[in-house]
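If you want the building blocks of each chain, they are given just below.
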Amino acid sequence: MRCAHWRRVPIDLAREALEKSGATYVDRAVQCQLSAHEGEHFGLLTDTCAYGTALWLRWHGTDEAELVVLPDCPVVAPGPDGEGCCLFAGHAEQHTWEDALKG
């Protein structure tokens, strides 16, 4: 089950994200992409950064948010057609494809 926390993207960070990534659009609000958890939250802004990285919004509670460029998670689901994890390397929560395996 995905984390239910959302965060508005501050306008200055949205502008910075557009400049850093070369994207033409960044959402004004993002949902944490981790499974339900406590602690820092991470919302995907764009994956148009350098190969194998993505630009994320990181926040904790009501603390200020910041932009972080993180490498993609290299883990794939088992099997010949294993789906790749859509998170970043080193995340502590389950991989994005693990919910689908449980269902």
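What you see is a predicted model; the values in this text were computed from it and never measured.

Enquirer: Explain the environment of T62 to me, please; I cannot follow it from the model alone.
Expert: With respect to the helices, strands and loops of the structure, T62 is situated in the loop between β4 (53-59) and β5 (66-71). Once the C-alpha coordinates of T62 and R7 are considered, the two residues, 55 residues apart in sequence, prove to be 9.0 Å apart.

Enquirer: Can you help me understand the packing of aromatic side chains in this one?
Expert: The geometry of an aromatic ring pair is captured by two quantities: the separation of the ring centres and the angle between the planes. All told, the structure shown has 2 aromatic pairs when counted by the stated rule. Ring plane angle 50° and centroid distance 4.5 Å describe the contact between F42 and F88, whose orientation is recorded as tilted. Highlighted residues: F42 in strand β3 (residues 41-46) and F88 in the loop between β5 and α2 (98-102), separated in sequence by 46 residues. Residue F42 shares its accessibility class with F88, and that shared class is buried. Plain terms: the ring middles of W56 and F88 are 5.2 Å apart, the flat faces sit at 80° to each other, and that makes the pair edge-to-face.

Enquirer: Just checking my understanding: could you explain the side chain of H41 for this structure?
Expert: Topologically, H41 is positioned in strand β3. For H41, a relative accessible area of 4% gives the class buried. Within polar-contact distance, the side chain of H41 engages the side chain of H37 at 3.3 Å. Sequence-distant contacts of H41, that is, excluding residues within four places in its chain, are made with C3, H5, C32, L57, R58, W59 and G61.

Enquirer: Could you clarify how one ought to interpret the nonpolar core in this entry?
Expert: The nonpolar side chains of a soluble globular protein tend to be buried, and buried together. Counting residues in each nonpolar core, the largest one holds 26 residues, and the members touching the most others are V9, F42, L45, W56, L57 and L67. Where this core is concerned, the elements lending two or more residues are α1 (11-21), β3, β4 and β5. Among the elements that take part in this core, β4 stands out by supplying 5 residues, more than any other. Every residue in contact with L45, bar those within four places of it in the chain, is listed here: V9, A17, V26, V30, L55, W56, L57 and L67.

Conventions and cut-offs
Residues numbered from 1 in each chain as written. Predicted model: local features only at pLDDT ≥ 70, side-chain atom pairs only at ≥ 80, totals over all residues. Heavy atoms only, no water. Helix = DSSP H or I, 4+ residues; strand = E, 2+ residues; numbered from the N terminus. Phe/Tyr/Trp six-rings, centres within 6.5 Å; stacked < 30°, edge-to-face > 60°. Buried < 20%, exposed > 50% of the residue type's maximum accessible area, 1.4 Å probe, protein only. Polar contact = N/O pair within 3.5 Å; in protein donor to acceptor, adjacent residues only side chain to side chain. Contact = heavy atoms within 4.5 Å. Core = buried A, V, L, I, M, F, W, Y, C linked by side-chain atoms within 4.5 Å.

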